[in-house]
Amino acid sequence: MIMKLPLNKIKALQEQLENHPLLNGGIKNIDGLHVFMEHHVFAVWDFMSLLKTLQNHVCPSTKCWLPTKGIRSGAARLINEIVLAEESDIDIDGVNSISHHDLYCQAMLEIGADANIIEEWTEAVESMGVYDAFETCSVPAASLEFMKKTFDFIGADEPHIVAGAFCFGRETVIPKMFARLTNELNITKIDCPKFYYYLERHVQVDGEEHGPASIALVENLCNHDPVHLHEAEQAAIESLKARIKLWDSVYDIITHELDRWRHA
């Protein structure tokens, strides 16, 4: 009997995320968009950490290359394709390449959000490591909690757990989330070309290609093991709950604490 990942609880949380008030009229002006981007940029950064961890599980980088075998050989192409798009996508000029993280940071500057906070964070991670950076850097509290949860998944050091968080907490929810954000903010290529391009690329790539394939990836890495399927399901649920909690905090700041946030 082929066992598949149970999706009922996961889909319910994905619907809750899609219908979150933050993405349904919660960002009403440029100040609100600044708050959103200054929090969300850390999710953009730790997405790459989750992805690169998964890549290292499926097709590890070592001095002596060895061929992937079994279920992981089928996963290697998908993971490498996602890394290619995220780490070196075609830039808005259609010629040069750029990572989606760098594109997002450029979009922050484009709309007047503070990009210094993420630059300080990445410099701290480079110099002292992520766990010391957690303790010393000035990061928005909600984003810090979100990243710590991501690194709980990474620290589990199990590919099916990382894949569960990555697939259902990131890849399969991003297209609808960003499509809703584009419509709600009425973002155009003329007003915010880089931000529009960033959102457009994620809707296209994740929705049409990577999102659906990543579900099969999780099930392949679980290899029909009921314990692994349960652990992957729990990782997916926890990842979605962490995103909802992040959105709750950002929505509260925009709705009730914007003045205090801007002068903190």
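The following paragraphs examine the structure supplied in this document. What you are looking at is a predicted structure, and each value in this text was computed from that prediction instead of being measured.

**Observations regarding the overall build of the chain**
For step 1, the next point in the chain: Tallying secondary structure elements over the chain gives 12 helices and two strands in all.
For step 2, the next point in the chain: Listing each helix as α and each strand as β along the chain from the N terminus yields α-α-α-β-β-α-α-α-α-α-α-α-α-α.
For step 3, the next point in the chain: Within the span of the chain, comprising 264 residues, buried residues form 51% of the whole.

**Brief notes about the pattern of salt bridges**
Two side chains with opposite charge may pair up if their charged atoms get near one another.
For step 1, the next point in the chain: Here the structure, examined in full by the defined rule, presents six salt bridges.
For step 2, the next point in the chain: Across the pair Arg-201 and Asp-89 runs a salt bridge whose closest N-O atoms are separated by 2.8 Å. Here Arg-201 is found in helix α10 (residues 193-222), whereas its partner Asp-89 is found in strand β1 (residues 89-90), with 112 residues between them in sequence.
For step 3, the next point in the chain: The exposure class of Arg-201 is buried, given its relative accessible area of 18%.
For step 4, the next point in the chain: Where Glu-145 meets Lys-245, a salt bridge forms, and the shortest distance between an N and an O atom there is 2.7 Å. One end of the pair, Glu-145, is in helix α7 (residues 141-156); the other, Lys-245, is in helix α11 (residues 226-256), with 100 residues separating them in the sequence.
For step 5, the next point in the chain: On the basis of relative accessibility, which here comes to 42%, the residue Glu-145 falls in the partly exposed class.

**A look at the packing of helix α2 (residues 30-58) against helix α5 (residues 116-128)**
For step 1, the next point in the chain: Relative to each other, α2 and α5 sit at 35°, their axes nearing to 10 Å. Between α2 and α5 lies a crossing of right-handed hand. On α5, the residues touching Val-41, Phe-42 and Trp-45 of α2 are Ile-117, Ile-118, Trp-121, Thr-122 and Val-125.
For step 2, the next point in the chain: Looking at the contact of α2 with α5 residue by residue, the class counts come to seven nonpolar, one polar and no charged.

**Some words on α2**
For step 1, the next point in the chain: Here α2 contains 29 residues, and its C-alpha end-to-end distance of 41 Å stays within 8% of the 42 Å for a straight helix at 1.5 Å per residue.
For step 2, the next point in the chain: The sharpest bend along α2 comes to roughly 30°, located at His-39.
For step 3, the next point in the chain: Counting buried positions over the 29 residues of α2 gives 25, a clear majority of the element.

**Observations regarding the side chain of Ser-214**
For step 1, the next point in the chain: By the secondary structure assignment, Ser-214 is in helix α10.
For step 2, the next point in the chain: Classification of Ser-214 by relative accessible area gives buried; the value is 0%.
For step 3, the next point in the chain: Excluding residues that lie within four positions of it along the chain, Ser-214 makes contacts with Leu-78, Cys-167, Glu-171 and Thr-172.

**What to know about the side chain of His-40**
For step 1, the next point in the chain: As for its position among the elements, His-40 is in helix α2.
For step 2, the next point in the chain: According to the relative accessible area criterion, His-40 is buried, its value standing at 2%.
For step 3, the next point in the chain: Dropping the residues within four chain positions of it, His-40 is found in contact with Tyr-104, Phe-178, Tyr-198, Arg-243 and Trp-247.

**So, the environment of Val-203**
For step 1, the next point in the chain: Assignment of secondary structure puts Val-203 in helix α10.
For step 2, the next point in the chain: A residue is classified by how much of its surface remains accessible, and Val-203, at 29% relative accessible area, is partly exposed.
For step 3, the next point in the chain: Spatially, the C-alpha atom of Val-203 lies 7.2 Å from that of Lys-176, the residues being 27 residues apart in sequence.

**Let's talk about the nonpolar core**
For step 1, the next point in the chain: Core analysis: the largest hydrophobic core is formed by 89 residues, its most contacted members being Phe-36, Met-37, Leu-54, Tyr-104, Trp-121 and Phe-195.
For step 2, the next point in the chain: In terms of residue count, the dominant contributor to this core is α2 (15 residues).
For step 3, the next point in the chain: Look past the residues within four positions of Met-37 in its chain and what remains in contact with it is Tyr-104, Ala-107, Met-108, Ile-111 and Phe-195.

**Regarding the environment of Arg-201**
For step 1, the next point in the chain: Residues Arg-201 and Ile-90, spaced 111 residues apart in sequence, show a C-alpha to C-alpha distance of 9.6 Å.
For step 2, the next point in the chain: Within the local environment of Arg-201, its side chain forms a polar contact with the side chain of Asp-89, the two groups lying 2.8 Å apart.

**Some thoughts on unusual backbone geometry**
For step 1, the next point in the chain: Positioned with a positive phi, Asp-157 is a non-glycine residue whose angle comes to about 60°.
For step 2, the next point in the chain: On the secondary structure map, Asp-157 appears in the loop between α7 and α8 (159-171).
For step 3, the next point in the chain: Phi is positive for Asn-223, which is not a glycine, with a value near 55°.
For step 4, the next point in the chain: Mapped onto the fold, Asn-223 is located in the loop between α10 and α11.

**Describing α5**
For step 1, the next point in the chain: Look at α5: 18 Å from first C-alpha to last across 13 residues, which is about the 18 Å you get at 1.5 Å a residue.
For step 2, the next point in the chain: If you check which residues of α5 are buried, you get Ile-117, Ile-118, Trp-121, Ala-124 and Val-125. In a view along the axis of α5, the buried residues occupy a sector of 120°, so they form one face of it. Opposite the buried face of α5, by more than 90 degrees, sit the exposed residues Glu-120, Glu-126 and Ser-127.
For step 3, the next point in the chain: Tucked inside the fold, the buried residues of α5 contact α2, α4 (100-111), α6 (130-136) and α7.
For step 4, the next point in the chain: Positioned one or two residues after α5, Gly-129 has a phi angle of 90°, which is positive.

Here is what the cut-offs are and how they apply
- Residues numbered from 1 in each chain as written.
- Predicted model: local features only at pLDDT ≥ 70, side-chain atom pairs only at ≥ 80, totals over all residues.
- Heavy atoms only, no water.
- Helix = DSSP H or I, 4+ residues; strand = E, 2+ residues; numbered from the N terminus.
- Buried < 20%, exposed > 50% of the residue type's maximum accessible area, 1.4 Å probe, protein only.
- Salt bridge = Lys/Arg side-chain N within 4 Å of Asp/Glu carboxyl O.
- Axes fitted to C-alpha atoms, helices over the stretch in contact; angles between N-to-C directions.
- Left-handed = near helix turned anticlockwise from the far one by under 90°.
- Contact = heavy atoms within 4.5 Å.
- Nonpolar A, V, L, I, M, F, W, Y, C, P; charged D, E, K, R; others polar.
- Expected span 1.5 Å × (residues − 1).
- Bend = angle between axes of the 7 residues up to and from the residue.
- Core = buried A, V, L, I, M, F, W, Y, C linked by side-chain atoms within 4.5 Å.
- Polar contact = N/O pair within 3.5 Å; in protein donor to acceptor, adjacent residues only side chain to side chain.
- Arc of directions from axis to C-beta.

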